[in-house]
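The chain contents come next:
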Amino acid sequence: MNRNDKLLIAGMLLASALFFAFFGTWSRETGSTAVIIVDGETMDTVPLTKDGDYSVEGLLGESIIRIRDGAVTMEQAPCPDQICVKHSRIRYSGEQIVCLPGRIIIEIQGGTQTQTNGEPVIDGVAK
Ligand SMILES: [Zn+2]
């Protein structure tokens, strides 16, 4: 990893921190599921209500995702930076843990307010 990579990652962390500082106060909705995305493809959807460890095959090898008390952490990962492992627990809809080298994204979904694309969840609309 060179200096530019580090700057990029620092910038992304700062951007997401700012995002949550601005929007977090009103959009914090506890999620119901963790969506595991590897290399752009959804591999698994795991309910946050079920404690457990889940193995995910990323580009670098096996990572372990842990669900405890409705929150998600990256427990183990083969990536050199370990940024995903050091990431704090996520539990609110729209929060993510990203492993850039392993191309793994863990994303919380299922809150009642907004989806991750920013569009409101419309429930039970019938015609
Ligand atoms: Zn990682």
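My aim in this report is to walk through the structure given alongside it, one point at a time. Fair warning: this is a prediction, and the values are worked out from it, not measured in the lab. (Residues numbered from 1 in each chain as written. Predicted model: local features only at pLDDT ≥ 70, side-chain atom pairs only at ≥ 80, totals over all residues.)

## What about the overall build of the protein chain?
- Scanning the protein chain from N- to C-terminus turns up 2 helices and 7 strands.
- Taken from N to C terminus, the helices and strands of the protein chain fall in the order α-β-β-β-β-β-α-β-β.
- The buried share of the protein chain, taken over its 127 residues, is 20%.
- Look at the contacts in the protein chain between residues 6 or more apart in sequence, and 35% of them connect residues 24 or more apart. (Helix = DSSP H or I, 4+ residues; strand = E, 2+ residues; numbered from the N terminus. Buried ≥ 20, exposed ≤ 12 C-beta atoms within 10 Å, placed from the backbone. Contact = placed C-beta atoms within 7 Å.)

## With respect to unusual backbone geometry
- Of note in the backbone geometry, Asp 39 takes a positive phi value of approximately 50° without being a glycine.
- Position of Asp 39 relative to the elements: it lies in the loop between strand 1 (33-38) and strand 2 (41-47).
- On the neighbour-count criterion, Asp 39 (11 C-beta atoms within 10 Å) is exposed.
- Notably, Asp 69 is not glycine yet its phi reads approximately 50°, a positive angle.
- Secondary-structure assignment places Asp 69 in the loop between strand 4 (61-68) and strand 5 (71-76).

## Description of the sheet that holds strand 1
- Here we have 4 strands laid out as an open sheet, ordered 2-1-7-6, and antiparallel in their pairing. Each edge of the open sheet carries a strand with a single partner, namely strand 2 and strand 6 (96-99). The sheet shows a mean angle of 15° between the axes of neighbouring strands, direction not considered.
- The pairing of strand 1 with strand 7 (residues 104-109) spans 6 bridges and is antiparallel. Within strand 7, the residue paired with Val 35 across the bridge is Glu 107. (Pairing = 2+ DSSP bridges. Axes fitted to C-alpha atoms, helices over the stretch in contact; angles between N-to-C directions.)

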